[in-house]
Every structure is written in structure tokens, then in C-alpha cells.
Amino acid sequence: MSDDNDSSGIIGTIISVLILAAIWPYLLALLGIYIAYMVVLAILAWIAEHWVLTGLYVGGALGVYAIFYYRLIPKAWKRALMYFQPKPVFISLSGPSVQENVAEPPNLTERKFIPSTNLYCYWCTKKLGIKAWEKNSKYYCDECISKVSSEN
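Rules used throughout
Residues numbered from 1 in each chain as written. Predicted model: local features only at pLDDT ≥ 70, side-chain atom pairs only at ≥ 80, totals over all residues. Heavy atoms only, no water. Helix = DSSP H or I, 4+ residues; strand = E, 2+ residues; numbered from the N terminus. Buried < 20%, exposed > 50% of the residue type's maximum accessible area, 1.4 Å probe, protein only. Polar contact = N/O pair within 3.5 Å; in protein donor to acceptor, adjacent residues only side chain to side chain. Phe/Tyr/Trp six-rings, centres within 6.5 Å; stacked < 30°, edge-to-face > 60°. Pairing = 2+ DSSP bridges. pLDDT = per-residue confidence, 0-100.

Concerning the environment of Y140
- Within the fold, Y140 resides in strand 3 (residues 138–140).
- Residue Y140 is classed as buried on the basis of its relative accessible area of 6%.
- Each C-alpha atom, one on Y140 and one on K126, is 8.8 Å from the other, the two residues being 14 residues apart in sequence.

What about the side chain of T54?
- Along the chain, T54 turns up in helix 2 (residues 51–69).
- By relative accessible area, which is 16% here, T54 ends up buried.
- A distance of 2.8 Å separates the side chain of T54 from the backbone oxygen of H50, its partner in a polar contact.

Concerning the packing of aromatic side chains
- A full pass over the atoms with the stated rule returns 2 aromatic pairs.
- Seen in terms of ring centroids, Y65 and Y69 are 5.5 Å apart; in terms of plane orientation they differ by 15°. Their pairing is stacked. Placement of the pair is Y65 and Y69 together in helix 2, with a separation of 4 residues, close to one helical turn.
- The class for Y65 is exposed, based on a relative accessible area of 52%.
- Summarising the aromatic geometry, the rings of Y69 and Y70 are spaced 4.9 Å apart at their centres and angled 85° between planes, so their arrangement reads as edge-to-face.

Observations concerning the pairing of strand 2 (residues 132–135)
- By the alternation rule, side chains of strand 2 split into A132 and E134, which are all buried, and W133 and K135, of which none is buried.
- Looking at chain direction, strand 2 and strand 3 are connected through 3 bridges and run antiparallel. Among the inter-strand pairings, K135 is bridged to a residue of strand 3, identified as K138.
- Between strand 2 and strand 3, which pair antiparallel in sequence order, lie 2 residues; one of them, N136, sits at a positive phi of approximately 55°.

Let's talk about the confidence of the model for the protein
- Across the protein, the average pLDDT comes to 81, with 74% of residues at 70 or higher.
- When pLDDT is averaged over each element of the protein, helix 2 comes out on top at 96 and strand 1 (residues 113–114) at the bottom at 54.

What follows is the structure, encoded as C-alpha cells:
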């Protein structure tokens, strides 16, 4: 009897399994590339068949992108609200009563006493309290104002 089984035994089987384990990721990658190629061909065939609908989809996507990129929605709201804002009303005030009721601004050069707590004395650099005095646009404490006044 002749044996038609041409296997090389257990060592040949182990080597075949190791070779298959080594090239298995490459076989899967080739299968994935082939499937992706078939999907791209199907998509291109559909686009060739429905080119008008594809153009509408692309145009709509570009329109939505333009709306958000150029911020057209807030600009449209500002433009719409601009028309609904009330118009300003101008009132002309004239006559003697207006001139009498206008308050004169205070003359700051005549002011001597400065009630402030964030000032420092120009002469001794002590922080001024509520008793601060101004002379020639400089601020002095109670002790230093008498020295500065006696010099001038």
C-alpha cells in the first residue's frame, strides 16, 4: 500500500502554524485594504449615478460651514434687532429756567482740605488720614502743612 498523505509530520505542522501566526496580521491588513477598496468603488459608483444629489449634499455642507465660520446667525440677529430698537427722542431745552438750573462746577484750585485716606504726605511720606491738606497740587499732613506754609 502506498501512503498518499504527503505531510511531513508534527514538525511540519508546527512550522506551518508558526508561519501562519507570523503572517496573520499582514493577511488581515491585505483583507482590510481590499474591503476598503471595494467600499470606495461602491461610493464612487453611487456618486456617478446620483451626481445631482451629491452636489446638493456638498453645497449644503459648505453652507452650514459658512454659517458657523463667518458667524452669520449673530450678525443676522444684530441686523434684525437694529430695526426694532426705539428711535432716540430729542428734546430741546431753552429759556431762562434752563440757565438757572445749571450747576456751576466747583473750582478745584480754591479747595484746601482733601478728605481722603489713600494719599501720602509729600514732605514726610506718611499715610494721610482724613486730615489731608493740598497746596500746589501736593498733599501734606497737619504737621508738614505748617512747615511748608511758613517757608513760603
